[in-house]
Amino acid sequence: MSNLDFIRKAIAIEARAIEILLEQVGQDYEPVIDVLKNCKGKVVITGVGKSGHIGKKMAASFASTGTPAFFVHSTEGVHGDLGMIEEDDVVLLISNSGETSEVLSLLPSLEKIGAEKIAITSNASSTLAMACEYALTYQYEQEADHIGVAPTTSSTIVLVIGDALAVALCEMRRFTKEDFHLYHPGGSLGKQLSQS
C-alpha cells in the first residue's frame, strides 16, 4: 500500500463508523436532549486522555452555540475541581470503555452533589453507563490505526455526538447569527458576522 492508501483507509474506516452511528441514533437521545435543554445550571463535560481532548472541544462548541458549558478534567476533578459543579448542572462523562478509573472516581461526589449524569460510552453494560441516569452508547467496527488500539474512530464518534447535541440544542433554542456573534466577536468568523 502507498502512503495515500494508508490515509484513505483510515478515512474510510472513520467514515464507515459515522454511517453506523447514524443508524444507532434512537429514542435514548430524546431524554438527553430534554435534560440538556432544560438544564438550569451549566453543562459540564469530563474525561481523560483523548476523551478529555474531545470533551474540551465539546464544551467549547456548546458554549459558542448558546448552551453554557465548561470542561473539567476527571483527574483534576477529584483534586478539588469538583467544587465547580453544582446541583443544577448536568455532567457528561466520556469513557469509551465505560471503565476508566479516573472518570468513575467522580461518581460518588457527583451523586452527593446531585447533578444529573449522562454517560457517553461504547459499553452499555459498563460501570459508567449503569451509574448514570442516562447513557448514549455507540458501537464501531475498529479503530483506524493498523494495530487497532489508538483512539481514532472512537474519539471521532464522540466528537460527532457532541457536535450533534450542540447543533440540536442550538436549533431548538432558535439561536441566531446575532447570538453567535455575541459569543464569537473575534477572528474571521466575528468579522464576517459583523458585516452581515
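Residues numbered from 1 in each chain as written. Predicted model: local features only at pLDDT ≥ 70, side-chain atom pairs only at ≥ 80, totals over all residues. Heavy atoms only, no water.

1. Considerations on the layout of surface pockets
There is about 190 Å³ of room inside the largest pocket. As for the largest pocket, its lining consists of Ile18, Leu21, Leu22, Val25, Tyr29, Ile33, Val160, Ile161, Ala164, Leu165 and Ala168. Sorting the residues of the lining of the largest pocket by element identifies α1 (3–24), α2 (29–37) and α8 (153–172) as the ones contributing at least two each. Residues belonging to the lining of the largest pocket are distributed by class as follows: 11 nonpolar, no polar and no charged. (1 Å grid on protein atoms, 1.4 Å probe; cavity = no way out; pocket = protein on both sides within 12 Å on 5 of 7 lines; lining within 4 Å. Points joined across faces, edges and corners; volume = space filled by probe spheres on them. Helix = DSSP H or I, 4+ residues; strand = E, 2+ residues; numbered from the N terminus. Nonpolar A, V, L, I, M, F, W, Y, C, P; charged D, E, K, R; others polar.)

2. Focus on the pattern of salt bridges
One pass over the structure, following the stated rule, counts 6 salt bridges. Arg16 is paired through a salt bridge with Glu141; the nearest N and O atoms lie 3.8 Å apart. One end of the pair, Arg16, is in helix α1; the other, Glu141, is in the loop between β5 (134–137) and α8, and 125 residues separate them in sequence. Among the residues examined, Arg16 registers a relative accessible area of 34% and is labelled partly exposed. Between Lys117 and Glu133 there is a salt bridge, and its shortest N-O distance comes to 3.1 Å. Residue Lys117 is found in strand β4 (residues 116–121), and its partner Glu133 is found in the loop between α7 (127–131) and β5; the two are separated by 16 residues along the sequence. Given the relative accessible area of 2%, Lys117 is considered buried. Connected through salt bridges with shared partners, the residues Arg16, Glu19 and Glu141 form a single ionic network. (Salt bridge = Lys/Arg side-chain N within 4 Å of Asp/Glu carboxyl O. Buried < 20%, exposed > 50% of the residue type's maximum accessible area, 1.4 Å probe, protein only.)

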